[in-house]
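So you can see what is in the structure, the chains are spelled out below.
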Amino acid sequence: MRNSFFLGSAAVMLAVVSPLFVRAQFQAPNPDELKMTSDPKAPGADAEYLYFEESDNDARGSENYYARIKVFTEKGKEAATVEVPYWGGVTSIGSISARTIHSDGTIVPLNIKPEDLIVVKQGEARIERKVFTLPSVEVGCVLEFAYQLRVNAQYFWRFSRDWVVQQKYFVHKAHFFSEPWGYNIIYLSHLPAGSNVKVDAVGQFSLDITDVPPLPDEEWMPPIESLRYRVQFYSGTVGSTDDFWSKAATFWFKEVDQFAEPSKTIREAVGGLVAPSDSDVVKAQKLYAAVEALDNTDYSRRKTESERQELKLKAEKNAEDTWTQKSGNSNEIALLYLAMLRAAGLTAYAISVVDRDRGVFDPSYMSLGQLDDTLVILSSGSKEILLDPGERMCPFQTVHWRHSGAEGLRQSADGPSRSETPLQVFGANTVKRTGDIAVDPQGGISGTVQIVMTGQDALFWRQTALEVDASELKKQFDRGLSDMVPEGVEAHVDHFLGLDDPDKILMAVVQVKGTLGAATAKRLILPGFFFESRGGEPFVSQEKRLEEVDMHYARQVTDQLSYDLPAGMKVEGAPQDAKVSWEGHAVYIVKTKSDPGEITVARVLADAFTEAKPEEYQELRGFYQKVAAADQGQIVL
């Protein structure tokens, strides 16, 4: 996870920080702002930032924020809920002030203390978020708030901060200011044309900017942080990004090897798990199963310091500690696996990548902290096998989609280098839905559907099962079904098969019942495609595209439903056999077969691509429009 700060090498402790609030204090309500009902510069906006300011002072260890937001619509009232991210244990919220100003000038203040805020998220990396909501919000009001983050006094930190220039809403005007502490401060920026950071004679940085468009909001976008306008600051002696990454890669390489050094304990453990006669792949598979069985604290709960002391557990500094304590986070378990492969005499390397669900590797961001997750490369003969041992319930030789097409640093016999993992192939990620459904003369139905999953869909549900109990898992699966089955039909999972074994296919056995279609005096009309009748294909209504399309992973979905017909009824009409292709990217196939008393409809949609550029969008959209039109086919009895 990208960190907001990095530890300086000096042993000096930061002096106790005195509160310093933002320079842009609350001001008298502006009548013109209160009268606004829209902004021609942001047509259709639900809300906009009238003004935003960030003022940072490294010597005092403070970051000060101020915002004034105009609410235009009911949806815009969501802007009243403010999340404050901070680095738990290192930074804290120093002060908060907030108020709502109604269009008639009435002021409703928020009275709350930082310690009273609700924690809405806390991760392994201790990035925490607290939330507050401004009171008495209505359309036409102005929201005004200010808060301060400060570094806890026992730390000496240099800030590797970001100025977040682009927001969810249009920004009419913004000011950023920083008084850095130290020398060799550099910055890199991604800003609209004509906007530049200024540096004064004493090394203070500032940016004044107007009319910043809101963050893009399109279906299936790449991670939003990869697109945002921002400025990033660094403290150090690195002269260029190439110089930084050359040194950082060497440091990372040595750090990995130090953690993954095969100790005597690990060699003995490996000797008890594999046989000399095993092939390289069999050895790797046995060791993979051993580390997958450990307690992965990213999926369970990391023990508190008091619990660790009671159990006499020490801080995990190397692979041996992870093995002897039978637990570790995802990256520690991945590096343990690397150590065990090497102890078995195999050639293996680490690769650390950016989680593709969070962002993309950005070489201009000079921090190893952007590398989220560690994977392992097994070199056997002339080929390399990518493995993901830090992912619970991930089958051997399967990689979570977040780690495919992901860039970062890798080891090799020639040293460290930049590298990118392969994208998923569609044949590895499949969903096959088959079933027999009995239909009565009024359109009532009942039957059983089997949903068989491999690859990413199976991995998703197995990992979900680690977080919730069996009852909640079924409820979540049913919610997904309710968005797919036709109106008037209920679908409920009865049980799962293979849920606890990632090396098997995963099957959900689903019971369906209800009323399907419409009956007339002489005919019964049913939707041709049981799981597609609600028209859920993406991109159909979106005419233009500004950003890339990111489908996460390639995938194939196959449906084959057989309907047992009511006595005396025959098929008068059915979906036509069809094949629609987007050459080199996707294919859609429909086949129908009618027999006495039965009709079977089969449908295959293979999305064999993961990403599409904006200039490919019209071809992509055209394909899905044809799919959506074909999915409206009906069965007429």
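Everything discussed here concerns the structure shown above.
Since this is a predicted model, take the numbers as computed values, not measurements. Each chain has its residues counted from 1, running along the sequence as written. Residues qualify for local features only when their pLDDT is at least 70, as the model is predicted, and side-chain atom pairs are given and counted only at 80 or more; totals for whole chains, interfaces and linings, by contrast, use all residues. Side-chain numbers come from the whole structure's heavy atoms, not from hydrogens or water.

Caption draft 1: Focus on the overall build of the protein. Scanning the protein from terminus to terminus reveals 10 helices and 36 strands. In this scheme, a residue with accessible area under 20% of its type's maximum is buried, one over 50% is exposed, and one in between is partly exposed, where area comes from a 1.4 Å probe on protein chains only. Counting over 637 residues, the protein shows a buried share of 50%. When checking whether two residues touch, look at their non-hydrogen atoms; a contact exists if any pair is within 4.5 Å. Contacts in the protein between residues at least 24 apart in sequence constitute 73% of all its contacts with a sequence separation of at least 6. Secondary structure elements are defined from DSSP: runs of H or I of at least 4 residues count as helices, runs of E of at least 2 residues count as strands, and each element is numbered from the N terminus.

Caption draft 2: Region of the structure containing the environment of Gly-536. Checked against the element boundaries, Gly-536 lands in the loop between β29 (524-527) and β30 (549-550). For Gly-536 and Ala-628, which are 92 residues apart along the polypeptide, the C-alpha to C-alpha distance reads 7.9 Å.

Caption draft 3: Region of interest: the pairing of strand β5 (residues 91-101). Burial within β5 is extensive, with eight of its 11 residues counted as buried. Strands qualify as paired when DSSP identifies two bridges or more between them. Note: β5 against strand β6 (residues 107-110), four bridges, orientation antiparallel. Among the inter-strand pairings, Arg-99 is bridged to a residue of β6, identified as Pro-109. Turn length for the β5-β6 hairpin, with the two strands adjacent in sequence and antiparallel, is five residues, and the turn residue Gly-105 shows positive phi of about 95 degrees.

Caption draft 4: Main features of the nonpolar core. With 52 residues, the main nonpolar core has Phe-477, Val-510, Phe-530 and Tyr-563 as its most contacted residues. Sort the elements by how many residues they give to this core and helix α10 (residues 617-630) lands first, with five residues. Core analysis: the next-biggest nonpolar cluster, separate from the first, contains 49 residues, Phe-253, Val-256, Ile-333 and Ala-348 among them. Within this scheme, the nonpolar core is defined by two criteria: the residues are buried Ala, Val, Leu, Ile, Met, Phe, Trp, Tyr or Cys, and they are joined through side-chain atoms within 4.5 Å.

Caption draft 5: The arrangement of the sheet that holds β29 in detail. Spatially, β28-β29-β36 is the arrangement adopted by the three strands of the open sheet, whose pairing is antiparallel. Strands at the two margins of the open sheet, each flanked by one partner only, are β28 (518-519) and β36 (634-636). Where β29 lies against β36, three bridges are found, and the strand directions are antiparallel. Counted as the bridge partner of Leu-526 is Ile-635 from β36.

Caption draft 6: Representation of the layout of surface pockets within the structure. Here a cavity denotes grid points, spaced 1 Å and computed from the protein atoms alone, that fit a 1.4 Å probe unable to get out, and a pocket denotes an open set having protein on both sides within 12 Å along at least 5 of 7 lines; residues with an atom within 4 Å of a point are the lining. Grid points are joined across faces, edges and corners, and a volume is the space filled by probe spheres set on the points. Volume-wise, the second largest pocket comes out at about 1300 Å³. Considering the residues around the second largest pocket, the lining is formed by 37 residues, among which Trp-220, Asp-457, Met-484, Tyr-553 and Arg-555 are closest to the centre. Residue assignment for the lining of the second largest pocket shows that the elements contributing at least two residues are β24 (430-439), β25 (444-454), α8 (456-467), α9 (470-482), β31 (555-564) and β34 (598-607). Here the element with the most residues in the lining of the second largest pocket is α8; it accounts for six residues. In this classification, Asp, Glu, Lys and Arg are treated as charged, Ala, Val, Leu, Ile, Met, Phe, Trp, Tyr, Cys and Pro as nonpolar, and every other residue, Gly included, as polar. In terms of residue class, the lining of the second largest pocket is made up of 18 nonpolar, eight polar and 11 charged.

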